[in-house]
Amino acid sequence: SPDNKLTVAGNITQLNGSPEYHFATTNATHTNWRIAAQESVNNGFEIASGTETAGTNANSDTYTARLVVLNTGNVGIGTSSPSYPFHVTGSGDTVAAVTAGASSVAALNLGNSTNLADGGIRYDNSANALILRASNTERMRIDSSGNVLVGKTTVGLATTGFSALASGNQSSFVSDGDRALILNRQTSDGSILEFRKDGSTVGSIGNNTDFYIASQD
């Protein structure tokens, strides 16, 4: 008692050099689609869209592969020759979107077979913060105010780390029990640190055999 014009219980095998199936609806605003193996992509399985509207001969339509899976396991979107396990190509600006809930984290995990999320990029929607991770730990974030924080998660001098504040363009280095900042000039003597006002040098700290602090008259 089949429910459709063709109901198959069991496996189907199509023997052909380039087996393909076409989908053509009767809606004039729809286009034809094709799934095929080794049709336009050698050693590849493809899902392709046509150019003709429904009602035309789907077999003779011109198709463009939209998703391709090679026998190597590489998957391509927008490319028929993916070079990587997942390869997205576009002719202009190309965006891959990872979207999460309004108070959830959207993430791209990077790692290995043992540590799947050792590193990665995360966007915490609840805090509106972009986070970079390495060795399974947060290492840097850009918070909702545009502040850049390295080795810390909040602005201020109470916790160690580096921060560059978007408001006022201020930077701070905080260390506990060690040097907060090292400036190293190699080879020649001269300024190691310069102070400027409106782009003009007003003073410097450096060495010329001996350590010096100088002002610019």
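Residues numbered from 1 in each chain as written. Predicted model: local features only at pLDDT ≥ 70, side-chain atom pairs only at ≥ 80, totals over all residues. Heavy atoms only, no water.

Asker: Is there a simple way to think about the sheet that holds strand E15 (residues 200–208) in this case?
Answerer: Whenever strands of a sheet pair, they do so through backbone hydrogen bonds, lying parallel or antiparallel. Pairing in this open sheet of 3 strands is antiparallel, and the strands run E14-E15-E16 from one edge to the other. Whereas interior strands pair on both sides, the edge strands pair on one side only; in this sheet they are strand E14 (190–197) and strand E16 (210–215). Across the sheet, the axes of successive neighbouring strands diverge by a mean angle of 15°, strand direction being ignored. Both E15 and E16 contribute to a ladder of 6 bridges, which runs antiparallel. Paired with Ile-205 across the two strands is Ile-213, which belongs to E16. (Pairing = 2+ DSSP bridges. Helix = DSSP H or I, 4+ residues; strand = E, 2+ residues; numbered from the N terminus. Axes fitted to C-alpha atoms, helices over the stretch in contact; angles between N-to-C directions.)

Asker: Sorry, what's going on with the sheet that holds strand E11 (residues 148–150) here?
Answerer: Taken together, the 7 strands give an open sheet; going across it, the order is E7-E8-E9-E10-E11-E12-E13, and neighbouring strands pair in antiparallel fashion. Unpaired on one side and paired on the other, strand E7 (105–110) and strand E13 (171–174) mark the two borders of the sheet. In this sheet, neighbouring strand axes are inclined to one another by 15° on average, regardless of whether the strands run parallel or antiparallel. Where strand E8 (residues 119–124) and strand E9 (residues 129–134) come together, 5 bridges link them in antiparallel fashion. Across the sheet, Arg-122 pairs through a bridge with Ile-131, a residue of E9.

Asker: Got a minute to help me understand the pattern of salt bridges in this structure?
Answerer: Any two side chains of opposite charge can pair if their charged atoms end up close together. All told, the structure shown has 5 salt bridges when counted by the stated rule. Between Arg-34 and Glu-46 there is a salt bridge; the shortest N-O distance is 2.8 Å. Placement of the pair is Arg-34 in strand E2 (residues 31–37) and Glu-46 in strand E3 (residues 44–53), with a sequence separation of 12 residues. Each member of the pair, Arg-34 as well as Glu-46, is classed as buried. Between Arg-141 and Glu-138 there is a salt bridge whose closest N-O contact spans 2.7 Å. Judged by its relative accessible area of 14%, Arg-141 falls in the buried class. (Salt bridge = Lys/Arg side-chain N within 4 Å of Asp/Glu carboxyl O. Buried < 20%, exposed > 50% of the residue type's maximum accessible area, 1.4 Å probe, protein only.)

Asker: How should I be thinking about the pairing of strand E10 (residues 137–142) in this particular structure?
Answerer: As a general feature of sheets, a regular strand has side chains that alternate between the two faces. Bridge count for E9 against E10 is 5 bridges, and the pairing is antiparallel. Looking across to E10, one finds that Ile-131 is bridged to Arg-141. Linking two consecutive strands that pair antiparallel, namely E9 and E10, is a turn of 2 residues; a positive phi of about 55° is found at Ser-135 within it. Judged from the 3 bridges that link them, E10 and E11 form a sheet pairing that is antiparallel.

Asker: I would appreciate a short explanation of the packing of aromatic side chains in the present structure.
Answerer: In this description, a pair of aromatic rings is defined by centroid distance and the angle of the planes. Enumeration over the complete set of coordinates arrives at 1 aromatic pair. Ring plane angle 40° and centroid distance 4.9 Å describe the contact between Phe-162 and Phe-173, whose orientation is recorded as tilted. With Phe-162 in strand E12 (residues 161–164) and Phe-173 in strand E13, this residue pair connects regions lying 11 residues apart in the sequence. (Phe/Tyr/Trp six-rings, centres within 6.5 Å; stacked < 30°, edge-to-face > 60°.)

Asker: Would you take a moment to explain a nonpolar patch on the surface for this structure?
Answerer: Residues Leu-6, Val-8, Ile-12, Tyr-21, Phe-23, Trp-33, Phe-45 and Ile-47 make up a contiguous nonpolar surface patch of roughly 790 Å² in combined accessible area. The set of elements that each furnish at least two residues to the nonpolar patch consists of strand E1 (20–23) and E3. Tracing the backbone shows Phe-23 in strand E1. Judged by its relative accessible area of 46%, Phe-23 falls in the partly exposed class. (Patch = residues over 30% accessible without salt bridge, like charges linked within 9 Å, V, L, I, M, F, W, Y side chains within 5 Å. Areas by Shrake-Rupley, 256 points an atom, 1.4 Å probe, with all protein chains shown as cover.)

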